[in-house]
Amino acid sequence: MAAKAILDRTKSKKPPVAETLTELKGGHRLIKCRGSKSKYTRHFRITEDLIAMVYTDSHKPDCVAGKDDMSNVYITEIHEIRDTPSSDVFKKQLPSLSGKEQQCFSLVVGERHKTLDLVAPSPKVKDSWVIGLNHLKKKLEQADLATKQDVWMRELFRQADKNGDNALNLKE
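If you're wondering where the values come from, they're calculated on a predicted model, not measured in any experiment.

### Quick notes on the overall build of the chain
Right, so step 1: When helices and strands are counted, the chain shows 5 helices and 7 strands.
Right, so step 2: Helices and strands appear in the chain in the N-to-C order α-α-β-β-β-β-β-α-β-β-α-α.
Right, so step 3: Put simply, the chain has 172 residues, and 34% of those count as buried.
Right, so step 4: Long-range contacts, defined as pairs at least 24 residues apart, comprise 50% of the intrachain contacts of the chain with a sequence gap of at least 6.
Right, so step 5: For the chain, the accessible area works out to roughly 10700 Å², and carbon and sulfur atoms hold 54% of it.

### Describing the side chain of Lys137
Right, so step 1: With respect to the helices and strands, Lys137 occurs in helix α4 (residues 123-142).
Right, so step 2: There is a polar contact of 3.5 Å between the side chain of Lys137 and the backbone oxygen of His79.
Right, so step 3: Lys137 has contacts with Ile75, Ile78, His79, Glu80 and Ile81, leaving out every residue within four places of it along the chain.

### With respect to the confidence of the model for the chain
Right, so step 1: Considering every residue of the chain, the mean pLDDT works out to 80; 84% of them sit at 70 or more.
Right, so step 2: For residues 1-12, every residue scores under 50 in pLDDT, and the model assigns this stretch 0 contacts once sequence neighbours within four places are set aside.
Right, so step 3: Across residues 61-70, where pLDDT falls below 50, the model places 19 contacts with residues more than four positions away in sequence or in other chains.

### Looking at the packing of helix α2 (residues 17-26) against α4
To describe two helices that pack against each other, one gives the angle between their axes and the distance between the axes.
Right, so step 1: Between α2 and α4, the shortest axis-to-axis distance is 9 Å and the interhelical angle comes to 110°. Looking at the two axes, α2 sits roughly perpendicular to α4. The segment α2 lies against α4, with Val17, Thr20, Leu21, Glu23 and Leu24 engaging Ser128, Trp129, Gly132, His135 and Leu136.
Right, so step 2: By residue class, the composition of the contact of α2 with α4 is 5 nonpolar, 4 polar and 1 charged.

### What to know about the environment of Val54
Right, so step 1: Here Val54 lies in strand β3 (residues 52-56).
Right, so step 2: When the C-alpha positions of Val54 and Val73 are compared, they lie 6.2 Å apart, and in sequence the two are 19 residues distant.

### Some words on the pattern of salt bridges
Right, so step 1: Evaluated as defined, the whole model comprises 7 salt bridges.
Right, so step 2: Asp83 is the partner of Lys126 in a salt bridge, and the nearest nitrogen-oxygen pair spans 2.8 Å. Taken as a pair, Lys126 in helix α4 and Asp83 in the loop between β5 (78-82) and α3 (88-93) lie far apart in primary sequence, 43 residues in all.
Right, so step 3: Residue classification places Asp83 among the partly exposed positions, given a relative accessible area of 38%.
Right, so step 4: Judged by relative accessible area, Lys126 falls into the buried class, the value being 5%.
Right, so step 5: By sharing partners, the salt bridges in this structure join Asp49, Asp150 and Arg154 into a single network.

### A closer look at α2
Right, so step 1: By the burial criterion, the buried members of α2 are Thr20, Leu21 and Leu24. The buried residues of α2 all sit within an arc of 95° when viewed along its axis, so they share a single face. Across α2 from its buried face, at more than 90 degrees, point the exposed residues Ala18 and Thr22.
Right, so step 2: Gly27 occupies a position one or two residues after α2 and carries a positive phi of about 90°.

The rules behind each value
- Residues numbered from 1 in each chain as written.
- Predicted model: local features only at pLDDT ≥ 70, side-chain atom pairs only at ≥ 80, totals over all residues.
- Heavy atoms only, no water.
- Helix = DSSP H or I, 4+ residues; strand = E, 2+ residues; numbered from the N terminus.
- Buried < 20%, exposed > 50% of the residue type's maximum accessible area, 1.4 Å probe, protein only.
- Contact = heavy atoms within 4.5 Å.
- Areas by Shrake-Rupley, 256 points an atom, 1.4 Å probe, with all protein chains shown as cover.
- Polar contact = N/O pair within 3.5 Å; in protein donor to acceptor, adjacent residues only side chain to side chain.
- pLDDT = per-residue confidence, 0-100.
- Axes fitted to C-alpha atoms, helices over the stretch in contact; angles between N-to-C directions.
- Parallel < 35°, antiparallel > 145°, perpendicular 65-115°, else oblique.
- Nonpolar A, V, L, I, M, F, W, Y, C, P; charged D, E, K, R; others polar.
- Salt bridge = Lys/Arg side-chain N within 4 Å of Asp/Glu carboxyl O.
- Arc of directions from axis to C-beta.

Spelled out as structure tokens, the structure:
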């Protein structure tokens, strides 16, 4: 009986944040919801430097897709992480998402507070994204000035590097 209780407690423990971030660097296929009926499956991951969440469009294979085929959501641009399907898009799509409510989460992003509405393949994957993004957001908010400047410079460099070769030429 005692062994079963210990086993249950170890199963319910959340994985350490480091493991979660490693998992998010590898990425997951999430469904991006837009409008009243539009749904797109995309491969989302966290960048190696932990400053952005990127996703690749599904119309080209990952091996051929270049930097222009990726969209970035910088952690510094995320204002809120919603753990429930509470956005307008989710409310419109709720009938088609029946049974997947525990897999939905939204990011409020940018100056205009647009939402990025996502459906994970499982509640566990959703929890990983929510925990990981909240952790990164909190760490950036608590960072010292030098770290914030470093992140800002990396974001600017990444935006300027149009061809994705990790170097800037005069045109860029």
